[in-house]
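So you can see what is in the structure, the chains are spelled out below.
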Amino acid sequence: MTGEHSGPYAGLGDWTPEALAVAGEIRAVVSAPHPVLSRVGGAVDPTSGETVRLAADLVATMRVSPGCVGLAAPQIGVGAQVFAVDVTGHPKAVTVHGTFVLCNARVVEATRWKPGREGCMSVPDLTGDVKRASRLVVEGDLPGSGASVRLVTDGFEARALQHEIDHCAGLLFLDRVAGAHAVYQRKVYL
């Protein structure tokens, strides 16, 4: 799947983090129960310099964090609806759009719900089983240009997108597990 779409929304096209034209800074990742993780992030102007810098910081921080496939603004202490995703090279990934950042993203279609194990940099000692859509359509805005995009994805990338969208809505994967029986101590430390 390419995620390309005609109409008012386009796919990612040739967008890359280099389009931000800003070097990102590596930021500290906050852990639960930090209050920013439980608050709904504010909508952002995707063309503002502040949003562009935030997007670059998310990519930079994600890239230096082993095993990280996504990072949302609340995870670096910023209550905003911005996140980065890159599932490239992950063994569970089939559909891969490379590294991208979305602002003000929303799920417009979610189907084929399946359980799967999730972890999170902001909950470093636990994993949990979460039921998520394995086919997903998301709309959002690209930082910098502000272009509206529609992304169609599935499988592991769909799970990563939903996880990051949840962060922007003030939710952790722990808020989505079926109960304490579906939460586990992390066995592998990255």
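In the annotation of an unreviewed UniProt entry, the chain is listed under the name Peptide deformylase and assigned to Micromonospora parastrephiae. Regarding the chain, the UniProt comment filed under Catalytic activity (unreviewed entry) reads as follows: "N-terminal N-formyl-L-methionyl-[peptide] + H2O = N-terminal L-methionyl-[peptide] + formate". If you open the UniProt record of the chain and go to Function (unreviewed entry), you find "Removes the formyl group from the N-terminal Met of newly synthesized proteins. Requires at least a dipeptide for an efficient rate of reaction. N-terminal L-methionine is a prerequisite for activity but the enzyme has broad specificity at other positions."

Engineer: Explain the overall build of the chain residue by residue, including any values.
Structural biologist: Secondary structure summary: the chain contains two helices and six strands in total. The helix and strand sequence of the chain, counted from the amino end, reads α-β-β-β-β-β-α-β. For the chain, the C-alpha radius of gyration of 15 Å lies close to 16 Å, the compact-globule estimate for 190 residues. Overall, the chain is about 45 × 35 × 30 Å in size when its C-alpha atoms are taken along their principal axes. For the chain, with 190 residues in total, the buried portion stands at 51%. Positive and negative side-chain charges of the chain, numbering 17 and 19 respectively, have mean locations separated by a distance of 8 Å.

Engineer: Give a description of the UniProt feature "active site" (unreviewed entry) in the chain that names residues and reports values.
Structural biologist: Mapped onto this numbering, the UniProt entry gives "active site" (unreviewed entry) at Glu 164. Within the element layout of this structure, Glu 164 appears in helix α2 (residues 155-168). Residue class for Glu 164 comes out buried when judged on its relative accessible area of 3%. Excluding residues within four positions of it along the chain, Glu 164 makes contact with Gly 70, Leu 71, Ala 72, Gln 75, Phe 83, Ala 84 and Val 85. For Glu 164, the side chain forms a polar contact with the main-chain nitrogen of Ala 72, separated by 3.2 Å.

Engineer: Now, about the packing of aromatic side chains: what can you tell me, with residues and values included?
Structural biologist: How two aromatic rings sit relative to each other is set out by the distance from centre to centre and by the angle between their planes. Taken as a whole and judged by the stated rule, the model has zero aromatic pairs. Across the ring face of Tyr 184, the terminal group of Arg 117 is positioned such that the distance to the ring centre comes to 3.8 Å.

Engineer: Could you give me a rundown of the layout of surface pockets, with the residues and numbers involved?
Structural biologist: Of the voids in this model, the second largest pocket is the one considered here, and its volume is about 150 Å³. Around the second largest pocket, the lining residues are Lys 92, Lys 114, Gly 116, Arg 117, Arg 132, Ala 133, Ser 134, Gly 155, Phe 156 and Arg 159. At the level of elements, β3 (100-120), β4 (123-141) and α2 are the ones that each hand at least two residues to the lining of the second largest pocket.

Engineer: Explain unusual backbone geometry residue by residue, including any values.
Structural biologist: Residue Pro 33 is reached from Ala 32 by a cis peptide bond, and omega for that bond is 15°. Of note in the backbone geometry, Asn 104 takes a positive phi value of approximately 55° without being a glycine.

Engineer: With reference to specific residues and values, describe the pattern of salt bridges.
Structural biologist: Throughout the structure, instances matching the rule amount to nine salt bridges. A salt bridge links Glu 109 to Arg 135, with the shortest nitrogen-to-oxygen separation between them at 3.0 Å. With Glu 109 in strand β3 and Arg 135 in strand β4, the pair connects residues that are 26 residues apart, well separated along the chain. Relative accessible area serves as the criterion here: at 19%, Arg 135 is assigned to the buried category. The partner of Arg 132 in a salt bridge is Asp 166, with the nearest N and O atoms 2.8 Å apart.

Engineer: Which residues make up the pairing of β4, and what values do they have?
Structural biologist: Most of β4 is tucked away, with 14 of its 19 residues classed as buried. Where β3 meets β4, 14 bridges bridge the pair, whose relative direction is antiparallel. In the sheet register, Ala 110 faces β4, and the bridge partner there is Leu 136. Hairpin geometry of β3 and β4 is characterised by an intervening segment of two residues between the two adjacent antiparallel strands. By the bridge criterion, seven bridges tie β4 to strand β5 (residues 148-154) in an arrangement that is antiparallel.

Engineer: Pulling in residues and values, what's your account of α2?
Structural biologist: Its 14 residues give α2 an end-to-end C-alpha distance of 21 Å, which sits within 8% of 20 Å, the value for a rise of 1.5 Å per residue. Of all the 14 residues making up α2, 13 are buried; the element is thus mostly covered by neighbouring parts of the structure. Looking one or two places after α2, you find Gly 170, whose phi comes out positive at around 80°.

Rules behind the numbers
- Residues numbered from 1 in each chain as written.
- Predicted model: local features only at pLDDT ≥ 70, side-chain atom pairs only at ≥ 80, totals over all residues.
- Heavy atoms only, no water.
- UniProt positions renumbered as here; feature names shortened; annotations may be inferred.
- Helix = DSSP H or I, 4+ residues; strand = E, 2+ residues; numbered from the N terminus.
- Rg over C-alpha atoms; globule rule 2.2 N^0.38 Å.
- Buried < 20%, exposed > 50% of the residue type's maximum accessible area, 1.4 Å probe, protein only.
- Lys, Arg positive; Asp, Glu negative; His and termini not counted.
- Charge placed at Lys NZ, Arg CZ, Asp CG, Glu CD.
- Contact = heavy atoms within 4.5 Å.
- Polar contact = N/O pair within 3.5 Å; in protein donor to acceptor, adjacent residues only side chain to side chain.
- Phe/Tyr/Trp six-rings, centres within 6.5 Å; stacked < 30°, edge-to-face > 60°.
- Lys NZ or Arg CZ within 6 Å of the ring centre and 35° of its normal.
- 1 Å grid on protein atoms, 1.4 Å probe; cavity = no way out; pocket = protein on both sides within 12 Å on 5 of 7 lines; lining within 4 Å.
- Points joined across faces, edges and corners; volume = space filled by probe spheres on them.
- Salt bridge = Lys/Arg side-chain N within 4 Å of Asp/Glu carboxyl O.
- Pairing = 2+ DSSP bridges.
- Expected span 1.5 Å × (residues − 1).

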